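# Architecture and fold: a report
Listed here are the chains, written in short residue letters.
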Amino acid sequence: MTTKRIAIGIGAVGVLLAALATTAWTDEFTKKDTERWTAEYMAVVKQGRELWTSGKLGTNGVACAQCHPNGANTHPETYPKFQKQIGKVIALREMINWCLRNPLEGKPLAADDPKMLAIEAYLAYERRGVALAPGKH
């Protein structure tokens, strides 16, 4: 019985060491990794800008950029916040969908729609460096 306990203990230590070794590897990034990730992120940001500046998200030809050039006045750093047009605390994507339905007369996007991700990435990129202040108007 003692041999069995020792074997279990050695096995547990082996599993722990393997987990630690795997964790150490997952936190190491190469220059090539970060360059690839940056390029992929910027491709999504570019798509978001294209959507933001086109009238294709709605049915009336209005573009987000007509009211919010370069993502201005959208204050994504302040979400979630109480939004008076909606009457409750909402996330940025809910405000994007409100604008799509109302001024743009279009259909809302699902939270996991690649177009929503692209718009959110574009707004985050445009607002980079701005201090976060949730709830600020």
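Summarised in this report is the structure supplied together with it.

### A look at unusual backbone geometry
- Positive phi, normally seen in glycine, also occurs at N70, with a value near 55°.
- Summarising the element assignment, N70 is placed in the loop between α3 (64-67) and β1 (81-83).
- Among the residues examined, N70 registers a relative accessible area of 44% and is labelled partly exposed.

### A few points about the pattern of salt bridges
- This model, assessed by the stated rule, comprises four salt bridges.
- Across the pair E40 and R36 runs a salt bridge whose closest N-O atoms are separated by 2.9 Å. Placement of the pair is E40 and R36 together in helix α2 (residues 31-53), with a separation of four residues, close to one helical turn.
- Since its relative accessible area comes to 44%, E40 is described here as partly exposed.
- The class for R36 is partly exposed, based on a relative accessible area of 48%.
- A salt bridge links E94 to K88, with the nearest nitrogen and oxygen atoms 4.0 Å apart.
- The class of E94 is partly exposed, set by a relative accessible area of 31%.
- By relative accessible area, which is 43% here, K88 ends up partly exposed.

### Observations concerning the packing of aromatic side chains
- Taken as a whole and judged by the stated rule, the model has two aromatic pairs.
- Ring geometry for F29 against W37: centres 5.1 Å apart, planes inclined by 80°, an arrangement best described as edge-to-face.
- Residue class for W37 comes out partly exposed when judged on its relative accessible area of 38%.
- Residues W52 and Y122 carry aromatic rings whose centres are separated by 5.9 Å and whose planes lie at 50° to one another, so their mutual orientation is tilted. Taken together, the residues W52 in helix α2 and Y122 in helix α5 (residues 114-126) connect sequence positions 70 residues apart. The same class applies to W52 and to Y122, which are both buried.

Analysis parameters
- Residues numbered from 1 in each chain as written.
- Predicted model: local features only at pLDDT ≥ 70, side-chain atom pairs only at ≥ 80, totals over all residues.
- Heavy atoms only, no water.
- Helix = DSSP H or I, 4+ residues; strand = E, 2+ residues; numbered from the N terminus.
- Buried < 20%, exposed > 50% of the residue type's maximum accessible area, 1.4 Å probe, protein only.
- Salt bridge = Lys/Arg side-chain N within 4 Å of Asp/Glu carboxyl O.
- Phe/Tyr/Trp six-rings, centres within 6.5 Å; stacked < 30°, edge-to-face > 60°.

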